[in-house]
Amino acid sequence: MLNYPVPAVPDAAYGVAWLRANVVRFSEGEAHTRRRAIVEAELAGVDIDALRGGMGSVVTKLAAALKLSGIVETDVALVARCYQPHESVTAEADSAVARLVAACGGVADEVTANRIGILVQAYAATAAMVEGRNPPVPSTRRVAPSGAIVEVDLTGRPFGEGRHSCPGRRHASALAEGEFHRMHHGDLPLVLPNAWDFASAAMLVEAGFAAIGTTSLGVAAAHGLIDAAGTTRAETMYLASELVRLPVPITVDVESGFGVDPGELAARLWEIGVVGVNVEDAAGSPAAHERTVRAMKDGAPALFVNARIDTYWLGIDRDSTVDRALRYADAGADGVFVPGLVTDHEIEALARVVPVPLNVLAQRNVRELMELGVRRISTGSLLFRTALESAVRVAEAVRDGRTTDTALSYRSVQDVIERYIR
């Protein structure tokens, strides 16, 4: 139904009615093509990084990025409340349009209308993304072949699709980025430890780590299952529901997606309270993984999707790494993860060309990786494997009558768990 035409709007010379008649949102045919090109050109000139974090509202940051001075958010809000053709227009909104035209240079033409349209459409929809509503805009209106106006559910299609798909997808995502996203753009790389149960995660929070991930090997092995076999969905979902009680952002390793609908998986994790996922391509079809990434972003637009590339980890098709990274970023990935990437030249080259944060394993010194352009460093299964080794070493020492290493006290563990389950 999203291929149905949008409801027609009449020509008008003033106010909200004039705006509706000149924006791409309510256009079809040649006018739609021409006006969409205007919007795409405007957005192409925006520095995506300028939309991330910082002070100011969605409208304030977007107006500044579009190099528009004098834009008042209250005017945009007045127009947004009656922007849709089925909504009644107020005199205050008409006056607000006049002020917005003046702020855009004073010329009431298609370019001005579509610059205002970008701000108006971003106002409520992006704010809803920031609040975590999914989808941010629940439905849209189209004209069915019968001539009837129908409501089209946008669940799983938060940015629409087809000729009226949102051209500002990356911009909206940047504006809506939450605390976890911002951790990838700070002065230092995000060092992300990977836990395998509540206790390990809680102890890492206690140690001061700002965010926690999970390790698929740890989750699988702890339950007597094989990693990367797609058999740990139930265990992963349960662990996620436990970890979100902790006071830091939680991101979850979902292997290759467990063979389920990626959009539904992402939506469910977002509903639980998870802020990110790591999803691997197992060095398979890049086109298939591109679809997975896009579906996850459609299922949960504000979820941080870290697209893992396994070309180095598995030692296959390494020449495709850059192409895969660019494809996944274009599909909406918020970061790319290349485990096994360790040399200076290869890390630096990839960090330079990929427009999203680069994640590698903790196989090098943190400061060296930072200087090469890495923005996230994961421990992967290292902590889990180290814990197993330490447990076996202590058990052997007890058996052999040797002195054991000092361990955490019973009370200290109890205190940490009690602190985070209250």
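Heads up: these notes are all about the structure in this document. Not measured: the values here are computed from a predicted model.

1. Thoughts on the environment of Leu350
For Leu350, the location among the structural elements is in helix H16 (residues 344-353). The buried category is assigned to Leu350, whose relative accessible area is 2%. Separated by 278 residues in the primary sequence, Leu350 and Val72 place their C-alpha atoms 40 Å from one another. Beyond its immediate sequence surroundings of up to four residues, Leu350 is in contact with Thr321, Val322, Ala325, Val338, Leu341 and Leu358.

2. Some words on the pattern of salt bridges
In total, this model carries 28 salt bridges according to the counting rule given. The salt bridge partner of Glu161 is Arg157, with a shortest N-O separation of 3.6 Å. A salt bridge links Arg399 to Asp400, with the nearest nitrogen and oxygen atoms 3.0 Å apart. By relative accessible area, which is 62% here, Arg399 ends up exposed.

3. A closer look at the sheet that holds strand S3 (residues 190-192)
In spatial order, the strands read S3-S11-S10-S9-S8-S7-S6-S5-S4; together these nine strands make up an open sheet with parallel pairing. Whereas interior strands pair on both sides, the edge strands pair on one side only; in this sheet they are S3 and strand S4 (194-195). Bridge count for strand S7 (residues 276-280) against strand S8 (residues 304-308) is five bridges, and the pairing is parallel. Its bridge partner lying in S8, Glu280 is registered against Arg308. Along the sheet, helix H13 (residues 286-299) makes contact with S7 and S8, crossing S8 at roughly 170°.

4. Describing the packing of helix H6 (residues 110-131) against helix H7 (residues 169-176)
At a minimum axis distance of 9 Å, the contact between H6 and H7 shows a crossing angle of 50°. Between H6 and H7, the crossing angle belongs to the class labelled oblique. Where H6 crosses over H7, the handedness of that crossing is right-handed. Residues Thr126, Met129 and Val130 of H6 lie in contact with H7, whose contacting residues are Ala172, Ser173, Leu175 and Ala176.

5. Quick word on the pairing of S8
In terms of burial, S8 is a largely internal element, five of the five residues being buried. When S8 meets strand S9 (residues 335-337), the two strands line up parallel, connected through three bridges. The residue bridging Arg308 from the neighbouring strand is Phe337, located in S9.

6. Comments concerning the packing of aromatic side chains
Evaluation of the coordinates by the stated rule reveals three aromatic pairs. With a centroid separation of 5.1 Å and 55° between ring planes, the pair formed by Phe26 and Tyr83 is classed as tilted. Of this pair, Phe26 sits in the loop between helix H1 (15-22) and helix H2 (29-44) while Tyr83 sits in the loop between helix H4 (73-80) and helix H5 (91-103), and the two are 57 residues apart along the sequence. Here Phe26 falls in the buried class, since its relative accessible area comes to 6%.

7. Points about H1
Within H1, seven of the eight residues are buried, which leaves the element mostly enclosed by the surrounding structure. When H1 is considered as a whole, its buried residues turn out to be Gly15, Val16, Trp18, Leu19, Arg20, Ala21 and Asn22. On its buried side, H1 packs onto H2, H4, H5 and H6.

8. Considerations on a nonpolar patch on the surface
A contiguous nonpolar surface patch, about 300 Å² in accessible area, is contributed by Trp313, Leu314 and Ile316. As for its position among the elements, Trp313 is in helix H14 (residues 311-314).

9. Focus on unusual backbone geometry
Negative phi is the rule for most residues except glycine; trans is the rule for most peptide bonds. Omega for the peptide link from Asn134 to Pro135 comes to 0°, which places this bond in the cis form. Relative to the elements of secondary structure, Pro135 occurs in the loop between H6 and strand S1 (139-143). Phi is positive for Ala282, close to 50°, though the residue is something other than glycine. Note on Ala282: relative accessible area 39%, which makes it partly exposed.

10. A look at the environment of Ala128
For Ala128, the location among the structural elements is in helix H6. Along the chain, Ala128 and Val205 lie 77 residues apart, while their C-alpha atoms are 29 Å from each other. Not counting residues up to four positions away in its chain, the partners in contact with Ala128 are Arg133 and Pro136.

11. Examining helix H11 (residues 233-243)
All buried positions along H11 are accounted for by Thr236, Met237, Leu239, Ala240 and Leu243. For H11, the angular spread of buried residues about the axis comes to 165°, placing them on one side. Of the exposed residues in H11, the ones pointing more than 90 degrees away from its buried face are Ala234 and Tyr238. Contact partners of the buried residues in H11: helix H9 (198-206), strand S5 (212-214), helix H10 (216-222), strand S6 (250-253) and helix H12 (262-272).

The rules behind each value
Residues numbered from 1 in each chain as written. Predicted model: local features only at pLDDT ≥ 70, side-chain atom pairs only at ≥ 80, totals over all residues. Heavy atoms only, no water. Helix = DSSP H or I, 4+ residues; strand = E, 2+ residues; numbered from the N terminus. Buried < 20%, exposed > 50% of the residue type's maximum accessible area, 1.4 Å probe, protein only. Contact = heavy atoms within 4.5 Å. Salt bridge = Lys/Arg side-chain N within 4 Å of Asp/Glu carboxyl O. Pairing = 2+ DSSP bridges. Axes fitted to C-alpha atoms, helices over the stretch in contact; angles between N-to-C directions. Parallel < 35°, antiparallel > 145°, perpendicular 65-115°, else oblique. Left-handed = near helix turned anticlockwise from the far one by under 90°. Phe/Tyr/Trp six-rings, centres within 6.5 Å; stacked < 30°, edge-to-face > 60°. Patch = residues over 30% accessible without salt bridge, like charges linked within 9 Å, V, L, I, M, F, W, Y side chains within 5 Å. Areas by Shrake-Rupley, 256 points an atom, 1.4 Å probe, with all protein chains shown as cover. Arc of directions from axis to C-beta.

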